[in-house]
Amino acid sequence: MTPTLYQTLLGAAFFRLPDTLRSLHGAHGTSRHAGQVTVERGTGLLSRLCARLAGLPPAMVDAPLTVDFASGPKGEIWARVFGAPPAASRMRSRLWHHDGQLREWRGPLQLHFVLHAWEGRIFWNVAGARLLGVLPLPAALFREVRCNEREVDGRYAFEVEAALPLIGPLVRYHGWLLPGPADPGDGR
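Everything numeric here is computed off the predicted structure, so don't read it as measured data. Here the residue index of a chain counts from 1 through its sequence in written order. The model is predicted, so local features are restricted to residues of pLDDT at least 70 and side-chain atom pairs to those at 80 or more, both for listing and for counting; the totals for chains, interfaces and linings are taken over all residues. Here the side-chain values reflect all heavy atoms present in the structure, with hydrogen atoms and water set aside.

(A) Highlighting the packing of aromatic side chains. Pairing of aromatic rings covers Phe, Tyr and Trp, the last through its six-membered ring, and needs centres within 6.5 Å; plane angles under 30 degrees mean stacked, over 60 mean edge-to-face, and all others mean tilted. Under the definition given, this model contains nine aromatic pairs. Between Tyr6 and Trp124 the ring centres are 6.4 Å apart and the planes differ by 55 degrees, which places this aromatic pair in the tilted class. Within this pair, whereas Tyr6 is found in helix α1 (residues 5-10), its partner Trp124 is found in strand β7 (residues 121-131), the two being separated by 118 residues in sequence. One exposure class covers both Tyr6 and Trp124, and it is buried. Seen in terms of ring centroids, Phe113 and Trp124 are 5.0 Å apart; in terms of plane orientation they differ by 75 degrees. Their pairing is edge-to-face. Within this pair, whereas Phe113 is found in strand β6 (residues 109-118), its partner Trp124 is found in strand β7, the two being separated by 11 residues in sequence. A relative accessible area of 3% places Phe113 in the buried class. By the ring-pair criterion, three or more aromatic residues cluster together here, those being Tyr6, Phe69, Trp78, Phe113 and Trp124. Our definition puts a charge over a ring when NZ of Lys or CZ of Arg is within 6 Å of the ring centre and also within 35 degrees of the ring normal. Directly above the aromatic system of Trp176 lies the positively charged group of Arg155, at a separation of 4.1 Å from the ring centroid. Per the convention used, a helix needs a DSSP run of H or I reaching at least four residues, while a strand needs a run of E reaching at least two, with both numbered from the N terminus. Accessible area is worked out with a 1.4 Å probe on protein chains only. A residue is then buried under 20% of its type maximum, exposed over 50%, and partly exposed in between.

Next comes the structure, spelled out in structure tokens:
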């Protein structure tokens, strides 16, 4: 069977990760995970504008989160739904690997990450970025973009933070996911 995106990028370290991370990132085809998320947003005018342009979710506390994953030979699609209808916020990413890096296409930005596994966690570190896929942006602009994944109480847990120089915090969100369908009352 063809290795998944994370198996390719992490190599042998993938198989030393906790069960929840291996299950989520080792699946072929489609899967759905559901859980809970808290989102904090930056408060400055430029911060709010950048977050809006990037399609980042609004602030919310202990809100429902559903992520549909589609994994194939060319990478993965993550379709996230933050919050409950009718006020739900959607965020979609396309991920693939190139030159040993994880590439994520989100809105107008293509981010390049180096993944590291350490003590049962996966850390995403920004190695570069491109605007509209062609204009290189300095990696230093994104040094305050951080992500880590881990297992907490038998659940897949995550934390994402993004801030920009001179603009400040854009977003911080954290929460957990479990495999399976979203709440039957979510309208899908």
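We are not done yet, so read on.
(B) How the structure looks around a nonpolar patch on the surface. Here, patches come from residues exposed beyond 30% relative accessible area and free of salt bridges, joined within 9 Å for like charges and within 5 Å for nonpolar side chains (Val, Leu, Ile, Met, Phe, Trp, Tyr). Methods summary: accessible areas were calculated by the Shrake-Rupley approach with a probe of 1.4 Å, and residue burial reflects only the protein chains presented. Put simply, a salt bridge is a Lys or Arg side-chain nitrogen that is within 4 Å of an Asp or Glu carboxyl oxygen. A cluster of nonpolar side chains, Leu131, Leu132, Val134 and Leu135, forms an exposed patch at the surface whose accessible area comes to about 370 Å². By secondary structure assignment, the location of Leu132 is in the loop between β7 and β8 (135-137). Exposure remark for Leu132: the relative accessible area of 58% places this residue in the exposed category.

(C) Spatial organisation of unusual backbone geometry. Each neighbour pair has its own omega, and for Pro85 with Pro86 the value is 5 degrees, a cis peptide bond. With a phi close to 45 degrees, Asp62 is a non-glycine residue in the positive phi region. Looking at the secondary structure, you find Asp62 in strand β2 (residues 60-72). Phi at Asp153 takes a positive value of approximately 50 degrees, unusual for a residue other than glycine. Along the chain, Asp153 falls in the loop between β9 (146-152) and β10 (155-164). Overall, the relative accessible area of 69% leaves Asp153 in the exposed class.

(D) Structural context of the environment of His174. Counting through the fold element by element, His174 comes out in strand β11 (residues 168-179). Each C-alpha atom, one on His174 and one on Val39, is 6.8 Å from the other, the two residues being 135 residues apart in sequence. The residues touching His174, leaving out its near neighbours within four places in the chain, are Gln36, Val37, Thr38, Glu40, Phe158 and Glu159. Under this definition, polar contacts are N or O atom pairs within 3.5 Å; protein pairs additionally need one hydrogen-donor-capable and one acceptor-capable atom, and for neighbouring residues in sequence, both atoms have to be side-chain atoms. At 3.3 Å, the side chain of His174 forms a polar contact with the side chain of Arg172. Contact criterion: two residues are considered in contact whenever any of their non-hydrogen atoms come within 4.5 Å of each other.

(E) Examining the pairing of β2 more closely. By definition, two strands form a pair when at least two bridges between them are found by DSSP. Pairing geometry for strand β1 (residues 29-41) and β2, over 10 bridges, is antiparallel. Note on β2: the bridge partner recorded for Arg32 is Asp68. Strand direction decides the pairing type here: β2 and strand β3 (residues 75-82), joined by eight bridges, are antiparallel. Residue pairing for β3: Val67 is matched across the bridge by Arg80. Here β2 hands over to β3 after two residues, the two strands then running antiparallel side by side.

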